[in-house]
Amino acid sequence: QVQLVESGGGLVQPGGSLRLSCAASGSIFSINAMGWYRQAPGKQRELVAAITSGGSTNYADSVKGRFTISRDNAKNTVYLQMNSLKPEDTAVYYCNADVFSPLGYLEVWGQGTLVTVSS
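Quantities reported herein were computed from a predicted structural model and do not represent experimental measurements.

Engineer: It is not clear to me how the pattern of salt bridges should be interpreted in this structure. Could you clarify?
Structural biologist: Close approach of charged atoms lets side chains of opposite charge pair. Under the counting rule described, the total for this entry stands at 4 salt bridges. Salt-bridge contacts for Arg-38 lead to Asp-89; the nearest nitrogen and oxygen are separated by 2.9 Å. A residue pair is termed long-range when its members are at least 10 positions apart, and Arg-38 in strand E4 (residues 30-39) and Asp-89 in the loop between strand E8 (77-82) and strand E9 (91-101) qualify at 51 residues. The exposure class assigned to Arg-38 is buried, which follows from its relative accessible area of 6%. Residue class for Asp-89 comes out buried when judged on its relative accessible area of 1%. The shortest N-O distance in the salt bridge between Lys-64 and Asp-61 comes to 3.1 Å. Here the residues in one salt-bridge network are Arg-38, Glu-46, Arg-66 and Asp-89, joined through shared partners.

Structure (structure tokens):
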């Protein structure tokens, strides 16, 4: 079984920063892409940022220049540094990973962490 555990969400004022972390654990041979998605109330889940095992990244246009995704392959952990936060960044943020395990290739999701940007 593979699990993703997120941390780092919370309440922050507009213009502030937060850093999300997501650690994968369990029976893992390797992890390909890892990413962060978010879902705001009444909206569909959307991709925020993703990173391959080789370090290639892509971002949603709405977060380019403000958010940075990174990963530590030795720790099976992905991070999302969020700067210059705006009220419209308020959402539940979910970690996602494409994992190669003894059960084969799995797409795994975390439980989500709430980010609230408000004064």
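Engineer: Please clarify how unusual backbone geometry should be interpreted in this entry.
Structural biologist: Glycine aside, residues mostly have negative phi angles, and peptide bonds mostly take the trans form. Of note, the phi angle at Asn-76 is positive, near 50°, even though the residue is not glycine. Its location among the elements puts Asn-76 in the loop between strand E7 (67-72) and E8. For Asn-76, a relative accessible area of 24% gives the class partly exposed. Despite not being glycine, Ser-84 has its phi angle at roughly 50°, a positive value. For Ser-84, a relative accessible area of 41% gives the class partly exposed.

Engineer: Please clarify how the packing of aromatic side chains should be interpreted in this entry.
Structural biologist: Pairs of aromatic rings are described using the distance from one ring centre to the other and the angle between the two planes. Applying the stated rule across the entire model yields 3 aromatic pairs. Taking the centre distance of 5.4 Å and the plane angle of 65° together, the rings of Phe-29 and Phe-100 count as edge-to-face. Taken together, the residues span a long stretch of sequence, with Phe-29 in the loop between strand E3 (18-26) and E4 and Phe-100 in strand E9 at a distance of 71 residues. For Phe-29, a relative accessible area of 57% puts it in the exposed group. Each member of the aromatic cluster is reached from another via a ring pair, and the members are Phe-29, Phe-100 and Tyr-105. Across from the ring centre of Trp-109, 4.7 Å away, lies the NZ or CZ of Arg-45, which sits over that ring.

Calculation criteria
Residues numbered from 1 in each chain as written. Predicted model: local features only at pLDDT ≥ 70, side-chain atom pairs only at ≥ 80, totals over all residues. Heavy atoms only, no water. Salt bridge = Lys/Arg side-chain N within 4 Å of Asp/Glu carboxyl O. Helix = DSSP H or I, 4+ residues; strand = E, 2+ residues; numbered from the N terminus. Buried < 20%, exposed > 50% of the residue type's maximum accessible area, 1.4 Å probe, protein only. Phe/Tyr/Trp six-rings, centres within 6.5 Å; stacked < 30°, edge-to-face > 60°. Lys NZ or Arg CZ within 6 Å of the ring centre and 35° of its normal.

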